[in-house]
Amino acid sequence: MDPEGSCVQDDPDIKVMMAGSTLRKVKSRSWKKQRHFRLLEDGMTIWYKSRWAGKGHSTFSVTEVEAVREGHQSEVLLSIAEEFPADLCFTLVFHGRQGNLDLVADSPEEAQAWIQGVRKLIHKVQTMDEKEWVWDWFQKADKNKDGKMNFKEVRKLLKMMNVDMNEDHALHLFTMADKSESGSLEIEQFVHFYKILTQRDEVWKVFQDYSGDGEKLMLEELENFLMMGQQEGERSAQLAQELIDSYEPSESAQEQGAMSLDGFQKYLCSQEGSIFKPEQRDLHQDMSQPLSHYFISSSHNTYLLEDQLRGQSSLEAYIQALKRGCRCVEVDCWDGSDGEPIVYHGHTLTSKILFKDVISTVKEYAFKVVLCKIISDRQNNHFAVWQASDFPVILSLENHCGVEQQTIMAEHLSQILGDMLLTTVLDGQVPQQLPSPQELKGKILLKAKKIGGLEDCIDETLTDEVSDEEEANGDAESPSAEDPPKSKSKLSKELSDLVLYCKSVHFHGFEQARLHGKCYEMSSFSESKAKRLAKEAGTDFVQYNTRQLSRIYPSGLRTDSSNYNPQDMWNVGCQIVALNFQTAGLEMDLSDGLFRQNGGCGYVLKPDFMRDGNTQFSPEKPEERPDYKPLRLSIQVISGQQLPKVNQKEGSIVDPLVRVEIYGVPQDQAKEETSHINNNGFNPVWNETLNFILHTPELTLVRFVVEDYDKASRNDFIGQFTLPFTCIQAGYRHIHLLSKDGTPIPPSSIFVNISISELT
């Protein structure tokens, strides 16, 4: 038995989980049912069933659980707080968009055992090396628990692992690993069998190209590989020694200052060998420029978990968006029947939540930690690295309330947020340009309508009539367009006074904004209007966005919460490009890709030609830029590793292909794909080269997509990874794939060789 596994199973909390507990599963105030939960012998699967139902039971894997929250940390558990104290309650939060599981234990001790036990198992999963990963599969497949597996069982296990291999080849390797000639493999022998099975010829070939004796890379040879193969330049000498220290498992090779094939493969599969430049992942950009000089991660209808007609409004949706690095959230406010403002999608059947609860949730999670990267150490253990974004959060208020409840909103904002809420202009001056993310660290800003401007000394009793900008604009956000188009809404002075740098105004054209616009005035544009302006007056839009913020939102016709392509809006420098975070797909992949850089802090500095107020840049004519330098991007797609099964049917193996998609200015949009490989999700080899020309590399995003080819119907999605072109490392690199929800699916990857050159 594996030592790591045994020490986990000797843990007192894990023992409680394995013995099983009766926990209440809670779905609402009225739906609370007892279920028997226990951890199965594999130490990874949690099984539960109703105490009364016959055979019906459910299971989920610890790998699906992202975190455990203690106490009343969900709407459902808050709603039953009077009935069940916090020390009995906990919530299991799943990766991606799977709903949470709210549970109540019979005693505080039992609750703690499950809370701590699940946390220990999550940590074990995050730090599993390949050997443990293989061991885990072996455990799952060893049905009679005798610690051995014959060839037939091994073949079945390989199918589970998405390996479809030639039977003669598999038998040959099996016989080599079966040292005792017993016709079956024990765990250690199976690990050895798996190792020879996963030896990668394509990595060995690269190794051979640079190694003098074919056995090892001496320090100088490794330096040469880093210089020529990886285009690491000046730092190659220093890096070579660091890589040997970090990734070489053999002590004798380390002493010789050499790297074995094992160490070489470990380096190539690590974060340092990944396609993403490590220094670009960390917070490294200048954060002292005006807010208008940044792209800002922004969410639309943040309160929704599903569609916009019947979906559930939820505090959980705010938590998920903020944890994903979102820095601008939307709050749709309506008069509540008991004097408390509510948040929901007006005139629809979406459920309602209290405004004050939304503000409390934002306070709790605005500056909490977010997952910024997964790193691996020299043993190839993977660690999640979390870090907080201290940069400002903007609350985008869609205000449909009467004056009375607006005043209540202002009270809630002030009382709940306290010092976090920005209530006075910095240094007491009327600004000539917006403050920077650096100056606004830890602050929450309100985006809403305002009576007068920052210049005005406002009479204490004033309330003003302001028409709703979107409705006056004929660009209503949603079904609320059915309101009378020119409906005048009164503004509460208390709420108006809280609006400083994000005053909502109606857009009257670029000329008017150039002559009279204030830097703290911002407008919202529907996707169709923004797209039209970008096409007709691209340069004007870019110039406007150097000084003022603009917010783009999805068309009101997108009742299914689908998204538009944000790239069109970033091309003209729009900062607050709001997307439905609850909807997975290409558009959220692009958003996650853009904001993966700079520490995942939710702010990305725009290229310099989009920050100069006199810029003449037009995305329609990139070649007219003074420092126009097109680049050639060449991607050799070499191989794939351990791609996940998409079709769960017994015996089904994927036929993978790789597509590279380029998003950027209109001339750069392109897609190229490899051919598909039949029946191999384990180690497909393509060796095909895809070429692209980039006219505006600074705005380009590159998306790698792996699909399961199907000649009869649409291809199935297997995995993807999206990143800014400026963050790509040239050379031999691994791309670690993500699921549809943007969560890692280790150990799935694609191996590529990338070269970037100037177009002559």
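Computed from a prediction, not measured in an experiment: that's the story for all the values here. (Residues numbered from 1 in each chain as written. Predicted model: local features only at pLDDT ≥ 70, side-chain atom pairs only at ≥ 80, totals over all residues. Heavy atoms only, no water.)

Peer 1: Account for the overall build of the protein chain, naming residues and giving values.
Peer 2: When helices and strands are counted, the protein chain shows 24 helices and 34 strands. Taking 2.2 N^0.38 as the reference for a compact globule, 760 residues should give roughly 27 Å; the C-alpha atoms of the protein chain span a radius of gyration of 28 Å, in line with that estimate. With the principal axes as the frame, the protein chain shows a C-alpha extent of 95 × 75 × 55 Å. Looking at the protein chain as a whole, 57% of its 760 residues qualify as buried. Considering only residue pairs separated by 6 or more positions, the protein chain has 68% of its internal contacts joining residues 24 or more positions apart. If you sum the accessible surface of the protein chain, you get close to 32,000 Å²; carbon and sulfur atoms cover 49% of it. Here the protein chain carries 80 positive and 116 negative side-chain charges, and the mean point of each set is 4 Å from the other. (Helix = DSSP H or I, 4+ residues; strand = E, 2+ residues; numbered from the N terminus. Rg over C-alpha atoms; globule rule 2.2 N^0.38 Å. Buried < 20%, exposed > 50% of the residue type's maximum accessible area, 1.4 Å probe, protein only. Contact = heavy atoms within 4.5 Å. Areas by Shrake-Rupley, 256 points an atom, 1.4 Å probe, with all protein chains shown as cover. Lys, Arg positive; Asp, Glu negative; His and termini not counted. Charge placed at Lys NZ, Arg CZ, Asp CG, Glu CD.)

Peer 1: Got a sec to walk through the nonpolar core? Specific residues and values, please.
Peer 2: Counting 69 residues, the largest nonpolar core has Leu413 and Phe541 as the members making the most contacts within it. Counting 31 residues, the second-largest nonpolar core is a separate cluster that includes Val702, Val706, Phe725 and Ile728. (Core = buried A, V, L, I, M, F, W, Y, C linked by side-chain atoms within 4.5 Å.)

Peer 1: Pulling in residues and values, what's your account of helix H21 (residues 527-536)?
Peer 2: Within the span of H21, buried status applies to Glu527, Lys529, Ala530, Leu533 and Ala534. All buried residues of H21 lie within an arc of 165° about the axis, which places them on one face of the element. Facing away from the buried side of H21 by over 90 degrees, the exposed positions are Lys535 and Glu536. (Arc of directions from axis to C-beta.)

Peer 1: With reference to specific residues and values, describe helix H6 (residues 151-160).
Peer 2: Along an α-helix, residues three or four positions apart point the same way, because every turn accommodates 3.6 residues. Taken together, the buried positions of H6 are Phe151, Val154, Leu157 and Leu158. Angular distribution of buried residues about the axis of H6 spans 115°; they occupy a single face of the element. In H6, those exposed residues whose orientation departs by more than 90 degrees from the buried face are Lys152 and Lys156. Taking the backbone nitrogen of Lys152 as reference, a side-chain oxygen 3.1 Å away marks Asn150 as the first, capping residue of H6. (Polar contact = N/O pair within 3.5 Å; in protein donor to acceptor, adjacent residues only side chain to side chain.)

Peer 1: Which residues make up the sheet that holds strand E6 (residues 89-94), and what values do they have?
Peer 2: Paired through backbone hydrogen bonds, the strands of a sheet run either parallel or antiparallel to each other. Here we have seven strands laid out as an open sheet, ordered E4-E3-E2-E1-E7-E6-E5, and antiparallel in their pairing. Lying at the two open borders of the sheet, with one neighbouring strand each, are strand E4 (57-61) and strand E5 (65-70). With strand direction ignored, the average angle separating the axes of adjacent strands in the sheet is 30°. Pairing geometry for E5 and E6, over five bridges, is antiparallel. (Pairing = 2+ DSSP bridges. Axes fitted to C-alpha atoms, helices over the stretch in contact; angles between N-to-C directions.)

Peer 1: With reference to specific residues and values, describe the UniProt feature "binding site: Ca(2+) 5" (unreviewed entry) in the protein chain.
Peer 2: Following the UniProt record, the feature "binding site: Ca(2+) 5" (unreviewed entry) maps to Asp708, Tyr709 and Asp710 here. Examined against the element boundaries, Asp708 turns out to sit in strand E31 (residues 701-708). Other than its neighbours up to four places away in sequence, Asp708 contacts Val646, Val654, Asp655, Asn715, Asp716 and Ile718. A distance of 2.8 Å separates the side chain of Asp708 from the backbone nitrogen of Asp655, its partner in a polar contact. (UniProt positions renumbered as here; feature names shortened; annotations may be inferred.)

Peer 1: Before we move on, could you go through the UniProt feature "binding site: Ca(2+) 3" (unreviewed entry) in the protein chain and cite the residues and values that matter?
Peer 2: Under the present numbering, the feature "binding site: Ca(2+) 3" (unreviewed entry) in UniProt falls on Asn301, Glu330, Asp332 and Glu398. With the annotated positions falling across 98 residues, the maximum pairwise C-alpha distance of 9.7 Å places them together in a single cluster. Along the polypeptide, Asn301 turns up in the loop between strand E12 (294-299) and helix H15 (315-323). Not counting residues up to four positions away in its chain, the partners in contact with Asn301 are Gln308, Glu330, Asp332, His345, Asn580 and Gln582. Here Glu398 lies in strand E18 (residues 393-399).

Peer 1: Explain the pairing of E12 to me, and be specific about the residues and the numbers.
Peer 2: The element E12 is extensively covered by neighbouring structure, given that six of its six residues are classed as buried. Here E12 pairs with strand E26 (residues 603-605) via three bridges, running antiparallel. Residue pairing across strands places Tyr294 opposite Leu605, the latter belonging to E26. As defined by bridge partners, E12 adjoins strand E25 (residues 576-579) across four bridges and the pair is classed as parallel.

Peer 1: I'd like to hear about the packing of helix H16 (residues 355-365) against helix H17 (residues 403-417), residue by residue, with values.
Peer 2: Orientation of H16 relative to H17, taken along the N-to-C sense of each, is 30°, at an axis distance of 10 Å. Between H16 and H17, the crossing angle belongs to the class labelled roughly parallel. For the pair H16 and H17, the sense of crossing is right-handed. Across the interface between the two elements, Phe355, Lys356, Ile359, Ser360 and Lys363 of H16 pack against Met409, His412, Leu413, Ile416 and Leu417 of H17. Class assignment for the residues of the contact of H16 with H17 results in six nonpolar, two polar and two charged. (Parallel < 35°, antiparallel > 145°, perpendicular 65-115°, else oblique. Left-handed = near helix turned anticlockwise from the far one by under 90°. Nonpolar A, V, L, I, M, F, W, Y, C, P; charged D, E, K, R; others polar.)

Peer 1: Please give an account of unusual backbone geometry that cites residues and values.
Peer 2: Positioned with a positive phi, Gln231 is a non-glycine residue whose angle comes to about 50°. One can find Gln231 in the loop between helix H10 (219-229) and helix H11 (236-247). By relative accessible area, which is 43% here, Gln231 ends up partly exposed. Phi angles above zero are rare outside glycine, and His347 is one such case at about 60°. Tracing the chain through its elements places His347 in the loop between strand E14 (342-343) and strand E15 (353-354).

Peer 1: Which residues make up the packing of aromatic side chains, and what values go with them?
Peer 2: Within a pair of aromatic rings, the relevant descriptors are the distance that separates the centres and the angle that separates the planes. Within this structure, the stated rule accounts for 29 aromatic pairs. Relative to Phe190, the ring of Phe138 has its centre 5.4 Å away and its plane inclined at 50°; by these criteria the two rings are tilted. With Phe138 in helix H5 (residues 130-141) and Phe190 in helix H8 (residues 187-197), this pair connects stretches of sequence that are 52 residues apart. Judged on exposure class, the residue Phe138 and its partner Phe190 are both buried. Their ring planes at 25° and their centres at 6.2 Å tell us that Phe225 and Tyr732 sit as a pair that is stacked. Within this pair, whereas Phe225 is found in helix H10, its partner Tyr732 is found in strand E33 (residues 731-738), the two being separated by 507 residues in sequence. We note that Phe225, like Tyr732, is buried. Through pairs of rings, three or more aromatic residues link up here, namely Phe207, Tyr210, Phe225, Phe264, Tyr732 and Phe751. The positively charged end of Lys27 is found above the aromatic ring belonging to Trp31, 4.6 Å away from the centroid. For Arg200, the ring lying beneath its charged end belongs to Phe751, and the centroid distance is 5.1 Å. (Phe/Tyr/Trp six-rings, centres within 6.5 Å; stacked < 30°, edge-to-face > 60°. Lys NZ or Arg CZ within 6 Å of the ring centre and 35° of its normal.)

Peer 1: Hey, could you go over the side chain of Ser749 for me, with residue numbers and the actual values?
Peer 2: With respect to the element layout, Ser749 can be found in strand E34 (residues 744-758). Within the structure, the side chain of Ser749 is placed 2.8 Å from the side chain of Gln641, a separation counted as a polar contact. Ignoring any residue separated from it by four or fewer positions in sequence, one finds Ser749 in contact with Gly640, Gln641, Leu643, His734, Ile735, His736 and Leu737.

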